Amino acid sequence: MLEPANTWTQGLDFPSRLFESGSNDYELYEEDGEFVLSVELPGFDPAEITASWNDGVLNVAGEHEDERRGTRRTYHRRFRFPKAIDEDGIRAEYRNGILTVRLPVTVEDAVSGTEIEIES
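Figured I'd write up the structure that's included with this text. Just so it is clear, the structure is predicted and the values come from calculations on it, not from any experiment.

Things to note about the packing of aromatic side chains
Inference 1: For the structure shown, the criterion picks out 3 aromatic pairs.
Inference 2: Between Y26 and F79, the ring centres sit 5.0 Å apart and the planes meet at 75°, which makes this aromatic pair edge-to-face. On the criterion of sequence distance, the pair formed by Y26 in strand β1 (residues 26-31) and F79 in strand β5 (residues 71-80) is long-range, its members being 53 residues apart.
Inference 3: Residue class for Y26 comes out partly exposed when judged on its relative accessible area of 32%.
Inference 4: Classification of F79 by relative accessible area gives buried; the value is 5%.
Inference 5: Ring pairing ties together the aromatic residues F35, W53 and F81, which thus form one cluster.

How each quantity is defined
- Residues numbered from 1 in each chain as written.
- Predicted model: local features only at pLDDT ≥ 70, side-chain atom pairs only at ≥ 80, totals over all residues.
- Heavy atoms only, no water.
- Phe/Tyr/Trp six-rings, centres within 6.5 Å; stacked < 30°, edge-to-face > 60°.
- Helix = DSSP H or I, 4+ residues; strand = E, 2+ residues; numbered from the N terminus.
- Buried < 20%, exposed > 50% of the residue type's maximum accessible area, 1.4 Å probe, protein only.

Note that all results are geometric; they support no functional claim without further evidence.
So, in structure tokens, the structure goes:
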């Protein structure tokens, strides 16, 4: 009988979150010719968040220090996009703890490849 996949980590001193196979701190979808990425970053100040675009990859990073509690939180994630993005049209806003980045797809790359005829 097979054991559940995560039982091999139970005796180790690792946070189980490191081994989770997914994260629900962001949502990514395509709508009206653009990708829309929403990342949950509660408690961060907009000045503590950076977003940068480089060669098809969006980097989102944040660093927050709470001097009263003596704590520091960091966030870093990279998102790779399968279509060409209009770099000049990328927009980002941070409201109510959520960073929303809109990345418009370039029109000429919206339909890529060669259509294959289907015989019947």
